[in-house]
Amino acid sequence: MRRWETLSALLAVVLAGIGALPVPPRLFCTLVAIGLLAVVAGARMRAAMLGGNRGGQEWDAADRARRIREQRQRPRGRARP
C-alpha cells in the first residue's frame, strides 16, 4: 500500500468515527469517508490488475536469512582495549 492510500484510509476511518457521533455534519463526514474508501479500493484493484507491486522489491525470507548469516560470519574489526 502506498503512503497516500494509507493516509486516505486513515482519514476515512476518522471521518467515519465523526459520522457516528451526533453532530450536525454527520452525513457529510460519512459520505466523504465512503468516497475515500472507494478511491482507495479502486487504486488497490487497479494495482492488482496491472501486476501489483510496481517498483518495489518482494520480501524474501530465505535471502534475508542468508544475508544475516553472512554478516555474522564476517570478522569484525579489532577489539578496542
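These notes cover the structure that comes with them. Throughout this description, residue numbers start from 1 for each chain and increase along the sequence as written. Selection of residues for local features in this predicted model requires a pLDDT of at least 70, selection of side-chain atom pairs for listing and counting requires 80 or more, and totals for whole chains, interfaces and linings are taken over all residues. Note: side-chain values were computed over all heavy atoms of the structure, leaving out hydrogens and water.

Let us now look at the nonpolar core. Here, nonpolar core refers to any group of buried Ala, Val, Leu, Ile, Met, Phe, Trp, Tyr and Cys residues whose side-chain atoms link them within 4.5 Å. Exposure categories follow from relative accessible area, calculated using a 1.4 Å probe and restricted to protein chains: below 20% of the type maximum is buried, above 50% is exposed, and the middle band is partly exposed. Judged by nonpolar contacts, Ala12, Leu15, Cys29, Ala33 and Leu36 together constitute the single largest core of 5 residues. In this text, helices come from DSSP runs of H or I with a minimum length of four residues, and strands from runs of E with a minimum of two, each type numbered from the N-terminal end. With 3 residues, the single largest contributor to this core is helix H2 (residues 26–50).

The next point concerns H2. The terminal C-alpha atoms of H2 lie 36 Å apart, and with 25 residues this matches the ideal 36 Å at 1.5 Å per residue to within 8%. Among the residues making up H2, those that are buried are Cys29, Ala33, Leu36, Val40, Ala43 and Ala47. For this analysis, residues touch if any pair of their heavy atoms sits within 4.5 Å. Along its buried surface, H2 packs onto helix H1 (3–19). By definition here, a helix of n residues has an expected span of 1.5 Å times n minus one.

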